[in-house]
Amino acid sequence: QMAQQMLQGAGRVLRRGAGEIRVYVQANPYSVTLMSFFGGCWLILASAMTMLNIFQMLDPLHYILQLYQLFFGCLIVAIDGPNNKVPEFLQARIVGFTALLQSRVNRIMFYLFIGCQQASQVGWVNYITGWYFAAVAIGFTLANCTDPPQARQA
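Parameters at a glance
Residues numbered from 1 in each chain as written. Predicted model: local features only at pLDDT ≥ 70, side-chain atom pairs only at ≥ 80, totals over all residues. Heavy atoms only, no water. Helix = DSSP H or I, 4+ residues; strand = E, 2+ residues; numbered from the N terminus. Buried < 20%, exposed > 50% of the residue type's maximum accessible area, 1.4 Å probe, protein only. Contact = heavy atoms within 4.5 Å. Areas by Shrake-Rupley, 256 points an atom, 1.4 Å probe, with all protein chains shown as cover. Polar contact = N/O pair within 3.5 Å; in protein donor to acceptor, adjacent residues only side chain to side chain. Phe/Tyr/Trp six-rings, centres within 6.5 Å; stacked < 30°, edge-to-face > 60°. Core = buried A, V, L, I, M, F, W, Y, C linked by side-chain atoms within 4.5 Å.

**Overview of the overall build of the chain**
When helices and strands are tallied, the chain shows 7 helices and 0 strands. Traced from its N-terminal end to its C-terminal end, the chain shows the element sequence α-α-α-α-α-α-α. Expressed as a percentage of its 154 residues, the buried residues of the chain come to 31%. Summarising the internal contacts of the chain: among those between residues at least 6 apart in sequence, 69% fall at separations of at least 24. Of the roughly 10400 Å² that the chain leaves accessible, carbon and sulfur atoms contribute 70%.

**Describing the side chain of threonine 129**
As for its position among the elements, threonine 129 is in helix 6 (residues 124-144). Separated by 2.8 Å, the side chains of threonine 129 and tryptophan 42 make a polar contact. Apart from residues lying up to four places away in sequence, threonine 129 is in contact with Trp42 and Gln118.

**Overview of the packing of aromatic side chains**
One pass over the full model with this rule turns up 10 aromatic pairs. An angle of 70° between the planes, with centres 6.5 Å apart, marks the rings of tyrosine 127 and tryptophan 131 as edge-to-face. Placement of both tyrosine 127 and tryptophan 131 in helix 6 is noted, with a separation of 4 residues, approximately one turn of the helix. Site record: aromatic cluster; members linked through ring pairs are Tyr68, Phe71, Phe72, Phe110, Tyr111, Phe113, Tyr132, Phe133 and Phe140.

**Here we look at the environment of glutamine 69**
Tracing the sequence through the fold places glutamine 69 in helix 3 (residues 60-80). In the structure, glutamine 69 is positioned 22 residues away from serine 47 in sequence and 6.2 Å away in space, judged by C-alpha atoms. Once residues within four sequence positions are removed from consideration, glutamine 69 is found in contact with Leu43, Ser47, Gln117, Gln118 and Gln121.

**Details of the nonpolar core**
Among the nonpolar cores identified, the biggest contains 14 residues, and Leu43, Phe72, Ile76, Phe110, Tyr111, Ile114 and Phe133 are the most heavily contacted of them. Counting residues per element, the ones that place at least two in this core are helix 2 (29-52), helix 3, helix 5 (104-119) and helix 6. Top contributing element to this core by residue count: helix 6, with 5 residues. Non-local contacts of isoleucine 114, meaning those with residues more than four positions away in its chain, are made with Leu43, Phe72 and Phe133.

Okay, here's the thing in structure tokens:
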């Protein structure tokens, strides 16, 4: 009986906390974009550092994976970075590469893919990076795929 009451209380606290996070993210969607941008920067840095390790060349598939991650990091930075800093001719090319990521659902799935892929690699840095991108996916979901509180009351 007491354990059940404790679990119910914990559930109420978690729901209330999740609701507050959702309200914050909806009020400040730029914070999720900023998280994504910094995640892309980190992905570029981590991939480049791994590629500089000469022993990575002994495992060509892992090396190619790092190239993909570097490319994905560049895409994330291009999408979520400051658009006014990118020259127009380059913006047109970026839009061509990122057309798939313009849909909300595709973007969420992309962040989850990056997160799962990162977390499945060896090392605590990759594990943390994976969970970071999972958090970005959740934040993007809360910012774009849930109704704002005022819309539900109407």
